[in-house]
Structures are given as C-alpha cells and as structure tokens.
Amino acid sequence: MTATIRRQSVSESSGHAELARNAGGLAHNARVWNYWLGGTDYHLVDREVGDQVTAMYPTIGEVARADRAFLGRAVRYLAGEAGIRQFLDIGTGLPTVDNTHEVAQRVAPQSRIVYVDNDPIVLAHARDLLTSSAEGATDYVDADAHDPDAILHAAARTLDFDRPVAVMMLGILNFIPDTDDAKAIVDRLLEAVPAGSHLAMTHPTLELGGEANAAAMRFWNDNATPPIVARSKADMVRFFDRLEILEPGIVSCSRWRLDAGPADGSEGVAQYGVVGRKP
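Here goes a summary of the coordinates provided. Note that this is a predicted model, so its numbers are computed, not measured.

## Details of the packing of aromatic side chains
How two aromatic rings sit relative to each other is set out by the distance from centre to centre and by the angle between their planes.
Okay, so step 1: A complete count under the given rule lists five aromatic pairs for this structure.
Okay, so step 2: Each ring, one from Trp36 and one from Trp220, has its centre 6.4 Å from the other, and the planes form 40°; the classification is tilted. In this pair, Trp36 sits in helix H2 (residues 29-36) while Trp220 sits in helix H9 (residues 213-223), placing the two residues 184 residues apart along the sequence. Trp220 matches Trp36 in its accessibility class, with the two residues each being buried.
Okay, so step 3: Seen from their ring centres, Phe70 and Trp256 are 5.3 Å apart, and the 65° between their planes marks the pair as edge-to-face. Highlighted residues: Phe70 in helix H4 (residues 60-79) and Trp256 in the loop between strand E10 (251-252) and strand E11 (271-277), separated in sequence by 186 residues.
Okay, so step 4: Classification of Trp256 by relative accessible area gives buried; the value is 0%.
Okay, so step 5: By way of ring pairs, the aromatic residues Trp33, Trp36 and Trp220 are connected into one cluster.
Okay, so step 6: The aromatic ring of Tyr77 is capped on one face by Arg257, whose charged end is 4.5 Å from the ring centroid.

If you want it as structure tokens, here you go:
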C-alpha cells in the first residue's frame, strides 16, 4: 500500500536479535500476550510463564482473545456509527491481526491513527508491520503512558486535536498501580480532546468470576514485567466520570455490544470493557 507513515523512535539500530539478547530472565507482557493470542513473537521464558499462568488461570487465553475482539467491535463502532476519523491507541502492544488502523481504515480509509508504546520490542515490530491506507495516516510514538503531555505533543503531528479523537486504552492502565495516578493520566488526555471524542478501555478485574486470577497475578508480578494490578467496577466508574458511558455500560469486554447474547448465561471473561463519549 502507498502509506503515509511517520515513526518517532528511540533507535534505528535496535534489531530483533539484540532485543532477544537483552531480554534477560523475565517474561515480558507484550510477548506473553502475543503467545496467548497464538502469535510467534515470543521467547522460551514467555511461553513458560504464559503456560504457568494458564495452569493457574485457565481462561487467560480467552481473556486475551476477548480483549482483541473488543478492539475490533469498538473501532468498527467508532469509525462507523460514531463517525470518528482519528484514533490515539496507547499501549498498542505487538502488532497482530486486525490492528486499530486496519479495522478503522476498512470502515473509513481516511482515518488517522497514532500508536503509542515505550517498549523497544514493540517498536521494532511496529517499524516492520504498521502500514496505512493511501487516504489515511499511521504514526508510531515512542512514549510512556505516565507522560500524557509527551504523548499529546507527539501525536499532534498526525492528529488534529480540534476534531474528535478516539482514545484507546486497552489493557494499559493495569500497568499503572496507583489508581489516582491512572485517573490523572486519563483526565489529562480527555482535557486535550474536544466534545464528541471517545474513550475506549479494557481492564482486568477480580470481579466477574475472576477471583482465581489473584494468585496468577501474584505469580506474574514475581516472574514477568511490567507488574499488573486488577481493578473494580467502581474504579472504572472513576475513569469515566467526565464521560457519557455508552450502552451496555461497564461489562465484560467479551459481552460489549456482542451481536448475540451469552449462550451459557455467564458473565463473560474477567476483563471489563467500556466506551464513553465526551459531551
């Protein structure tokens, strides 16, 4: 494709082999997540930790797949019914099938997407795999979610913050342990976007039948990076206190705007999914 792509990176010389040598003995979230999704971009330590977490919490693979499916449904809604043409995807992770730009640009080829991550593993793959339609644009920003001002400054090269933006924060705030800090980050991002913008979020929880995940999270925090925290529905409400929460509200990400209801009557995976609109 003839793409308009800009990449703001830390080092043009960081290759996959060097990343593997520097991986050390800890599993890494981006690679383990890729393993759970059925990808191939992981190391032996990632598979071992991923398998151990799965043994402790057998539905974790379902959580990963449900989170990915939520991304597709949310972006299709945002680019379609909501008419959003700009997406700020923070904590993108390793590129895989149906990335945000692919989903959005199938609906609206002129969509402009900025991906944000501060992981050199993700950066190396983003160079190779992120593309764009000819009508739209895709950018990759190397920045930390703890620094929303840096994210906004860099994203302004591609996005027009006078027009609505969909801020995507899927599975990222769980790596910011202090809820007040996480809330401040969300608030700063929302301050920068105009009315009509949206926030889409997923977050692991020990609710929705996820109590068994507590031990798995402790194991993860001892053997992988970055450490992770679960949050409650009440915490999620705090993140969206400035927004109009869209139907069906704060629910399992596997149940958000699912065309058919749950055949088994369950609450879905223990991962919240929610989309809100800035009035």
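What follows continues from the structure just given.
## What to know about the packing of helix H3 (residues 44-56) against H9
Axis angle and axis distance: for two packed helices, these are the angle between their axes and the distance between the axes, and together they describe the pair.
Okay, so step 1: Contact geometry of H3 with H9 gives a least axis separation of 9 Å together with a crossing angle of 165°. Accordingly, the angle class assigned to the pair H3 and H9 is roughly antiparallel. The hand of the H3/H9 crossing is right-handed. Contact residues: Val49, Gln52, Val53 and Met56 in H3; Ala215, Ala216, Phe219, Trp220 and Asn223 in H9.
Okay, so step 2: A breakdown of the residues in the contact of H3 with H9 according to their chemical character gives seven nonpolar, two polar and no charged.

## Things to note about unusual backbone geometry
Okay, so step 1: Here the amide bond leading from Glu247 into Pro248 is cis, since omega sits at 10°, within 30 degrees of zero.
Okay, so step 2: With respect to the helices and strands, the residue Pro248 is situated in the loop between strand E9 (244-245) and E10.
Okay, so step 3: The phi dihedral of Leu208 falls on the positive side, at around 60°, and the residue is not glycine.
Okay, so step 4: Relative to the helices and strands, Leu208 is located in the loop between strand E7 (198-204) and H9.
Okay, so step 5: Residue classification places Leu208 among the buried residues on the basis of a relative accessible area of 18%.
Okay, so step 6: One non-glycine residue, Arg257, lies in positive phi territory at about 50°.
Okay, so step 7: Mapped onto the elements, Arg257 comes out in the loop between E10 and E11.

## Some thoughts on the environment of Val45
Okay, so step 1: Structurally, the position occupied by Val45 is in helix H3.
Okay, so step 2: Sequence separation between Val45 and Arg31 is 14 residues; the distance between their C-alpha atoms is 9.7 Å.

## A short note on the pairing of E11
Okay, so step 1: Burial runs high along E11: six of the seven residues are buried.
Okay, so step 2: Pairing between E7 and E11: seven bridges, direction antiparallel. Pairing of Met201 across the sheet is with Val274, part of E11.
Okay, so step 3: Where E9 lies against E11, two bridges are found, and the strand directions are antiparallel. The residue of E11 that forms the bridge with Glu244 is Arg277.
Okay, so step 4: Judged from the two bridges that link them, E10 and E11 form a sheet pairing that is antiparallel. Its bridge partner being in E11, Ser252 is matched across the sheet by Tyr272.

## Some words on the nonpolar core
Okay, so step 1: Of all hydrophobic cores here, the largest spans 46 residues; its most connected members are Leu78, Phe87, Met168 and Val275.
Okay, so step 2: Taken together, the elements giving at least two residues each to this core come down to H2, H3, H4, helix H5 (100-107), strand E4 (112-117), helix H6 (120-129), strand E6 (166-170) and H9.
Okay, so step 3: With 11 residues, H4 is the largest single contributor of residues to this core.
Okay, so step 4: Apart from residues lying up to four places away in sequence, Val275 is in contact with Phe70, Ala74, Leu78, His198, Leu199, Ala200, Phe240, Glu244, Ile245, Leu246 and Trp256.

Cut-offs used in this document
Residues numbered from 1 in each chain as written. Predicted model: local features only at pLDDT ≥ 70, side-chain atom pairs only at ≥ 80, totals over all residues. Heavy atoms only, no water. Phe/Tyr/Trp six-rings, centres within 6.5 Å; stacked < 30°, edge-to-face > 60°. Helix = DSSP H or I, 4+ residues; strand = E, 2+ residues; numbered from the N terminus. Buried < 20%, exposed > 50% of the residue type's maximum accessible area, 1.4 Å probe, protein only. Lys NZ or Arg CZ within 6 Å of the ring centre and 35° of its normal. Axes fitted to C-alpha atoms, helices over the stretch in contact; angles between N-to-C directions. Parallel < 35°, antiparallel > 145°, perpendicular 65-115°, else oblique. Left-handed = near helix turned anticlockwise from the far one by under 90°. Contact = heavy atoms within 4.5 Å. Nonpolar A, V, L, I, M, F, W, Y, C, P; charged D, E, K, R; others polar. Pairing = 2+ DSSP bridges. Core = buried A, V, L, I, M, F, W, Y, C linked by side-chain atoms within 4.5 Å.

The values reported here are purely geometric and, on their own, carry no functional implication.
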